[in-house]
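Listed below are the residues making up each chain.
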Amino acid sequence: MSIQSQLERIFAGLNASLYRVSGGKLGGKLGQAPILLLNTVGRKSGQRRTSPLLYRQDGDRYLVAGSHRGAATHPAWVLNLRANPDAEVEIGKKTIPVTATELPLAERDAAWAELDAMYAAYADYRAKTDRTIPIFALTAR
């Protein structure tokens, strides 16, 4: 595991801890963009994995982008959701069981306008990578 990956994991763990202790008051926003905690099951380890993610509420679902800051590879949580779409999100003090659905091309392209308006760096991330960045809709079960 690279040093950057180790630092990302440490930061994510610290963010998740602060988020949980404070009910989302600490670690719950990046600028004006809200953050949720996504809990998945590791596709290889079978262990619970938590990822702090920016999200946009879209009706009764939450949209999250697998940007990985424009890296050439998908973040692990994307692969985990593809292997097992049942997950849970923590928003503030609430824990919500969800099912993840990867948005099809037309819907994903339309969602980018809203995500870009929320967090402008997404456009930079898309320009930085050759991979198609997936967007997932997380819907309460």
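Note: the structure precedes this text.
Bear in mind the structure is a predicted one, so any value in this text is a computation, not a measurement. One numbering rule holds for all chains: residues counted from 1, following each sequence as written. Side-chain atom pairs in this predicted model are given and counted only at pLDDT of 80 or more, local residue features only at pLDDT of at least 70, and totals for whole chains, interfaces and linings cover all residues. To get the side-chain values, take all heavy atoms of the structure and skip hydrogens and water.

**Quick word on the overall build of the protein**
Going by this rule: Strands are runs of DSSP state E lasting at least 2 residues, helices are runs of H or I lasting at least 4, and numbering of each runs from the N terminus. Two things to know: the radius of gyration comes from C-alpha atoms, and the globule rule equals 2.2 Å times the number of residues to the power 0.38. Residue burial is assigned from relative accessible area. The probe radius is 1.4 Å, only protein chains are included, and a residue is buried under 20% of its type maximum, exposed over 50%, and partly exposed in between. Only heavy atoms enter the contact rule, under which two residues are in contact if any of them lie within 4.5 Å.
Each helix and strand in the protein was counted, giving 4 helices and 8 strands. Starting at the N terminus, the α and β elements of the protein follow one another as α-β-β-β-β-β-α-β-β-α-α-β. What you see for the protein is a C-alpha radius of gyration of 14 Å, in line with the 14 Å of a compact globule of 141 residues. For the protein, the spread of C-alpha atoms along the three principal axes comes to 35 × 35 × 30 Å. Residues classed as buried in the protein amount to 41% of the 141 residues present. In the protein, once contacts between residues fewer than 6 apart in sequence are set aside, the share between residues at least 24 apart is 62%.

**Remarks on helix α2 (residues 76-83)**
Note the cut-off: This arc corresponds to the set of directions leading from the helix axis out to the C-beta atoms.
Within α2 the residues assigned to the buried category are Trp77, Val78, Asn80 and Leu81. Taken around the axis of α2, the buried residues stretch over an arc of 165°, which confines them to a single face. Each element contacted by the buried residues of α2 is listed here: β2 (33-41), β3 (48-54), β5 (61-65), β6 (86-91), β7 (94-102) and β8 (135-140).

**Let's talk about the pattern of salt bridges**
Selection rule: A pair is scored as a salt bridge if a Lys or Arg side-chain nitrogen falls within 4 Å of a carboxyl oxygen belonging to Asp or Glu.
Using the criterion set out here, one finds 10 salt bridges in the structure. Ionic pairing is found between Glu114 and Arg56, a salt bridge with its closest N-O pair at 3.4 Å. Placement of Glu114 in helix α3 (residues 105-118) and of Arg56 in strand β4 (residues 56-58) is noted, with a sequence separation of 58 residues between them. Owing to a relative accessible area of 33%, Glu114 belongs among the partly exposed residues under this scheme. Overall, Arg56 belongs to the partly exposed group, its relative accessible area being 31%. Linking Glu102 and Arg82 is a salt bridge whose minimum nitrogen-to-oxygen distance equals 2.9 Å. In this pair, Glu102 is assigned in strand β7 and Arg82 in helix α2, connecting sequence segments 20 residues apart. Among the charged side chains, a network of salt bridges with common partners joins Arg20, Arg48, Glu88 and Glu90.

**Things to note about the environment of Tyr119**
By secondary structure assignment, the location of Tyr119 is in the loop between α3 and α4 (121-128). Residue classification places Tyr119 among the buried positions, given a relative accessible area of 18%. Taking the C-alpha atoms as reference, Tyr119 lies 18 Å from Thr132; in sequence the two are 13 residues apart. Non-local contacts of Tyr119, meaning those with residues more than four positions away in its chain, are made with Leu30, Leu54 and Tyr125.

**Description of the nonpolar core**
The cut-off we apply is this: Note on terminology: a nonpolar core comprises buried Ala, Val, Leu, Ile, Met, Phe, Trp, Tyr and Cys residues joined through side-chain atoms within 4.5 Å.
The biggest cluster of nonpolar side chains holds 37 residues, and the ones touching the most others in it are Leu36, Leu38, Val89, Tyr122 and Leu138. Considering each element in turn, this core owes the most residues, 5 residues, to β2. Apart from the residues within four sequence positions on either side, Tyr122 is in contact with Leu54, Ala65, Ser67, Trp112, Leu115 and Asp116.

**Considerations on the packing of α3 against α4**
The condition that has to hold: Fitted lines through C-alpha atoms give the axes, limited to the stretch in contact for helices. The angle between two N-to-C directions lies from 0 to 180 degrees. Relative orientations are named as follows: roughly parallel for angles under 35 degrees, roughly antiparallel for angles over 145 degrees, roughly perpendicular for angles from 65 to 115 degrees, and oblique for any other angle.
The contact between α3 and α4 brings their axes to 7 Å, and the two run at 120°. Between α3 and α4, the interaxial angle falls into the category oblique. Of α4, the residues touching α3 (which contributes Trp112, Leu115, Asp116 and Met118) are Tyr122, Ala123 and Arg126.

**Side note on the environment of Gly59**
Mapped onto the fold, Gly59 is located in the loop between β4 and β5. Linking Gly59 and Thr139, residues 80 residues apart in sequence, is a C-alpha distance of 9.7 Å.

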